[in-house]
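Take a look at the letters that make up each chain.
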Amino acid sequence: MPEGHPSTPFHAWVWLTWMTTLLLCVSLTRNPLYLVVVWLCVAVVHAAGGMGELARGSAPFPFWLSLTIVPLGALLNALTVHVGENVIVTIPGRIPLLSGVVTWEAVLYGATNGLALGIILLAFWVFNRNVSIPAFLRLLPRAFHSLAIVGSIAMTFIPSLQHQYQQIQEAQAIRGKRISGLRDQLSLLLPLLVSSLEYAFQLAEVMTARGFLVSSSPLSQRRLRLAFLGGLGFVMGGWLSRFWGLPPWVAAVLFWGALAVFGALIFLAARQAHFTAYRVVRFRRRDALAMSGTLLLALLLVLNGVHPERQFLDYTPYPALTLPPFAPWVAFLLLGILSPLMVALLPNHDSLS
Amino acid sequence: MIRFREVSFRYATAEQWVIRRVNFDVSPGSFCLVCGPSGSGKSTLLRLINGLVPHFSGGIVEGEIQVNGINPIQVGPAAMSRLVGFVFQDPETQFILDNVEDEIAFNLENAAIPPQQITQHLEETLHALGILHLRRRRLESLSGGEKQKVAIATVLSLAPSILVLDEPTSQLDGQSAEEILSLIQRLARQQKLTIVVAEHRLDRLLHFANQLIYLSGIGEPIRADEPQQVLPHMATVPPVVELGKRFGVRPLPLSISEGQQMVRKLGLERLNHRTSPVGKKQMDSAAGPAILSVEKVSVSFGKTQALSEVTLQLFASQITCLMGANGAGKTTLLRAILGLVPLTQGRIWLQAKEITTTPSWKRARWIGYLPQDPNALLFSETVLEELLLTLRNHGLPQERSTAERILEGLGLSKHALRYPRDLSVGERQRVALGAILITQPQVLLLDEPTRGLDEEAKAKLGDLVRSFRAKGMAILVVTHDVEFMLTLADRLCILDAGRLIDDGAPPTVLRRNQIPPAQLLQLFPDQEFCSVEEVLSTIAEAWSHTLDKSGRPALLAFHSDGNRPHRPESPPEVR
């Protein structure tokens, strides 16, 4: 039985931790300077092509996509949020949502939100290219195998979408269409949607013919569905008991009952998921090393989250624009995002296995 | 093993039956070939075997189907997957993972095969298909043929007793198609599988088949029997069979060796050598000025040199075919001509105007380019709108009458208001052709235009291309289809590793470059026959007799057992 994946040097848990830390980071701060540092770190990891063969040939497409969201976010926020002291222009009249002042504060906040979204997109791209689908499936509990398969198939869409986009762009040129502005780009959306749906349909048919997600006996499937409904009934009952003013212990019993039913449901679903694993993936020392950098950062972010003043990550441009705070040591800690890359670049990292 | 009794199927919203009252049996270990024109219901028939129809597509099924004693309609495709391995047309859409080993193992993991056995299953399957060397390869690095082999390996890894292949070569280029057809032949010889395959290229598989199912059209009665019984009723057959039919030979020759035997028995192997008109045509055409000139064009992708100093001229009223192995740079040359890939060196001229730096969307006004997948060009709601869209893109007046005239010429008038993607493969291709021809380009570039077309659609396409030639267009066709090329080309060019290595009359160039020749060139190696009609007229001419009403040489008297004919002493007698 083979060990590990031939084309990725890190355990999937490393990338899961990395991804979770990034999501935590992006959700906790709107300081544009720190977000720029985070974006740069993720971009460097992406540009390095990830760390394995899986990620070879990192495309510029996600870079541009993640950066395109920044001006879009700024524009959308500036046109719809009319708060701030530094006014750029005023949209006259009574146009719903749009009329009012356009401020520099709204522009900056929108751009920051766009940057956060761009980071999430780019990070997902890196995750997708570094974690193979079987590794992704092993990350999830057995009970969610069906869900994981569906998710995995969805993951294959990202590269195919990019390929189809290029094909359609080229086809438009063959038909004499000049693609220059945003409006022209929008004309590609419908063909892209149609071809994506066709691809999805074909893939679904192939997977069905290959017997993916062969369900267990219809009887046990029915039992699982009934148990699920029973669990929902307990939750609903608990909620209604509070609504009707019944003693609190009634709701507590019902909620605990729901928890027990759902626990049993997951246990039974896991027993019914029939699949095996071809590769044995061991967690090695270099995985631990790569994980430690991101874990340290995650710890700092959690501490920041529970700190009553949240002093070192907080920033908002409202109501008046101020310079965002920037602590070099925070920026240094944010470099923890690069830890998988740094470990992969160690000259003798094989000895860490 | 497979039993259909009075089986009919129609889609829920349609009134017409796709297949109607079908009866046949396929015994274990048989090789069953399913053929018929596009849209005749072949795919539906195959999908009924594993229950994809109606479970995946919806629809109404009548009659009884048994596959190894199981009714696929009752148990569904997922449960049938261990019994029936199903391979689809397009290898691109059959994979989830990145590399060959993982893709096959993933299938076995999901079938809950114990991990210790997965390696064994995997290696046995790869070995059986002769692709053990691809085990560690990334799927995106494989050719179309290799991908389709991996798709076959994936389904065979679960050791099904029936292998169903739905036009497995229709989305492949010629060379990849050859690889797959060879593999199917080998599987039929070596494995004890029951194989059911729908395929347009009968010439390669016919002599392996012990059963032939012919669907003549949607809802029409089907014929299912031994090939010798079904072939006489088929409208389009491979040239060697067609010759046998025309000569009245029984049993019909199915392979080249049987065809050669027939030629020997009929005493046709020493026909007088005739000069092909092809070379002459080329000389005549080349006398005029070039419409398109490619001068020392080079293209690189990173460190890979895709084209090296290619020089080529295309002339008015001339069809030039371009052949070469996969990766030789044929498609790149077409794309370079249209400006879809940047040149590292060289210049391109359209008549007297240099267009090397002209953007693609402007070149498209004068150079029509039909890529391998015509679907990529279809965006609009209706066929008519598709043609008008091109005019709109080029800023030309959107004259409905012009579009309608072109649709009429393409035989698409009745489909003018239909959604283009709902049409058959051949019809979609003609819509895409219409969409690029409406600007009346001077040059037409066709990339593998016969991919996925049945014989009838291929013949229609050939007629169309010839009509474009008659209008003065300069045409460049990239193809692997030697039979099609011979019926069409005035001139043949060969591209090898990015270099243009030969250019001349098709049969001569074919011989010089040792390209596997067409069936007729194999039957008559000293001749330059391009069609069965040419063979018959040459025989008639040689014996100074005319053809009878059925196209048979009037004085050839054949015995039903295929004995050598004799030349009567009496004057010609036309029957």
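Above: the structure in question.
In short, a report on the structure. (Residues numbered from 1 in each chain as written. Chains lettered and ligands numbered in written order. Predicted model: local features only at pLDDT ≥ 70, side-chain atom pairs only at ≥ 80, totals over all residues. Heavy atoms only, no water.)

## Section: the overall build of chain B
Broken down by element type, chain B carries 23 helices and 19 strands. When contacts within chain B are restricted to residue pairs at least 6 apart in sequence, long-range pairs at least 24 apart make up 65% of them. If you sum the accessible surface of chain B, you get close to 23,300 Å²; carbon and sulfur atoms cover 48% of it. (Helix = DSSP H or I, 4+ residues; strand = E, 2+ residues; numbered from the N terminus. Contact = heavy atoms within 4.5 Å. Areas by Shrake-Rupley, 256 points an atom, 1.4 Å probe, with all protein chains shown as cover.)

## Observations regarding the pairing of strand S11 (residues 304-315) of chain B
Relative to S11 of chain B, strand S10 (residues 290-301) of chain B runs antiparallel, the two being bridged by 8 bridges. Looking at S11 of chain B, one finds that Ser-300 of chain B is bridged to Gln-305 of chain B. (Pairing = 2+ DSSP bridges.)

## Observations regarding the sheet that holds S11 of chain B
Adjacent strands of a sheet form backbone hydrogen bonds with each other and so pair up, either parallel or antiparallel. As summarised here, the arrangement of the 4 strands in space is S11-S10-S13-S14 (chain B), forming an open sheet in which the pairing is antiparallel. Of all strands in the sheet, those with a lone pairing partner are S11 and strand S14 (353-354) of chain B, marking the two edges.

## A few points about the state of the cysteines
Within the structure shown, the criterion is met by 0 disulfides over all chains. Looking at the unpaired Cys-321 of chain B, the closest cysteine sulfur is the one in Cys-493 of chain B, lying at 9.0 Å. (Disulfide = S-S within 2.5 Å.)

## Digging into helix H3 (residues 61-80) of chain A
All names here are of chain A. For H3, with 20 residues, the first-to-last C-alpha span of 29 Å sits near the 28 Å given by 1.5 Å per residue. Along H3, the residues that are buried comprise Pro-62, Ser-66, Val-70, Gly-73, Ala-74, Asn-77 and Ala-78. In an axial view of H3, the angular spread of the buried residues amounts to 155 degrees, which keeps them on one side of the axis. Opposite the buried face of H3, by more than 90 degrees, sit the exposed residues Trp-64, Pro-71, Leu-75 and Leu-76. Where H3 is buried, its residues touch helix H2 (32-47), strand S2 (100-103) and helix H4 (104-130). (Expected span 1.5 Å × (residues − 1). Buried < 20%, exposed > 50% of the residue type's maximum accessible area, 1.4 Å probe, protein only. Arc of directions from axis to C-beta.)

## Concerning the packing of aromatic side chains
In the structure shown here, the tally under the stated rule is 13 aromatic pairs over all chains. The interplanar angle of 80 degrees and the centroid separation of 5.5 Å between the aromatic rings of Trp-15 of chain A and Trp-18 of chain A together place this pair among those described as edge-to-face. Here Trp-15 of chain A and its partner Trp-18 of chain A are both found in helix H1 (residues 12-28), 3 residues apart, which amounts to about one turn of the helix. What makes Trp-18 of chain A buried here is its relative accessible area of 1%. A centroid spacing of 5.4 Å and a plane angle of 45 degrees characterise the contact between Tyr-109 of chain A and Tyr-318 of chain A, whose relative ring orientation is tilted. A residue pair is termed long-range when its members are at least 10 positions apart, and Tyr-109 of chain A in helix H4 and Tyr-318 of chain A in the loop between helix H12 (285-306) and helix H13 (328-334) qualify at 209 residues. What links up through ring pairs into an aromatic cluster is the set Phe-10, Trp-15 and Trp-18 of chain A. Over the face of the ring belonging to Phe-10 of chain A we find Arg-286 of chain A, whose NZ or CZ atom lies 5.9 Å from the ring centre. In this structure, Arg-365 of chain B packs its charged tip against the face of Trp-366 of chain B, placed 4.1 Å from the ring centre. (Phe/Tyr/Trp six-rings, centres within 6.5 Å; stacked < 30°, edge-to-face > 60°. Lys NZ or Arg CZ within 6 Å of the ring centre and 35° of its normal.)

## Side note on the side chain of Lys-330 of chain B
Residue and element names in this part refer to chain B. Within the secondary structure, Lys-330 sits in helix H14 (residues 330-338). Glu-448 provides the closest opposite charge to the buried, unpaired Lys-330, separated from it by 5.6 Å. What Lys-330 contacts, discounting residues up to four positions off in sequence, is Leu-322, Met-323, Gly-324, Ala-325, Val-478, His-480 and Leu-495. (Lys, Arg positive; Asp, Glu negative; His and termini not counted. Salt bridge = Lys/Arg side-chain N within 4 Å of Asp/Glu carboxyl O.)

## With respect to the packing of helix H5 (residues 100-110) of chain B against helix H7 (residues 144-156) of chain B
All names here are of chain B. The N-to-C vectors of H5 and H7 enclose an angle of 30 degrees; their axes lie 8 Å apart at closest approach. On the basis of their axis angle, the class for H5 and H7 is roughly parallel. For the crossing formed where H5 meets H7, the hand is right-handed. Touching Val-100, Glu-103, Ile-104 and Asn-107 of H5 are Val-150, Ala-153 and Thr-154, all from H7. Partitioning the contact of H5 with H7 into residue classes produces 4 nonpolar, 2 polar and 1 charged. (Axes fitted to C-alpha atoms, helices over the stretch in contact; angles between N-to-C directions. Parallel < 35°, antiparallel > 145°, perpendicular 65-115°, else oblique. Left-handed = near helix turned anticlockwise from the far one by under 90°. Nonpolar A, V, L, I, M, F, W, Y, C, P; charged D, E, K, R; others polar.)

## Structural notes on the side chain of Ser-308 of chain B
Along the chain, Ser-308 of chain B falls in strand S11. If sequence neighbours within four positions are ignored, Ser-308 of chain B has contacts with Val-297, Ser-298, Gly-498 and Arg-499 of chain B.

## Some details on the pairing of strand S15 (residues 367-370) of chain B
All names here are of chain B. Burial of the side chains of S15 extends over both faces: Ile-367 and Tyr-369 are buried on one face and Gly-368 and Leu-370 on the other. Summarising the sheet, S15 and strand S16 (residues 443-447) pair through 4 bridges and their orientation is parallel. Looking across to S16, one finds that Ile-367 is bridged to Val-443.

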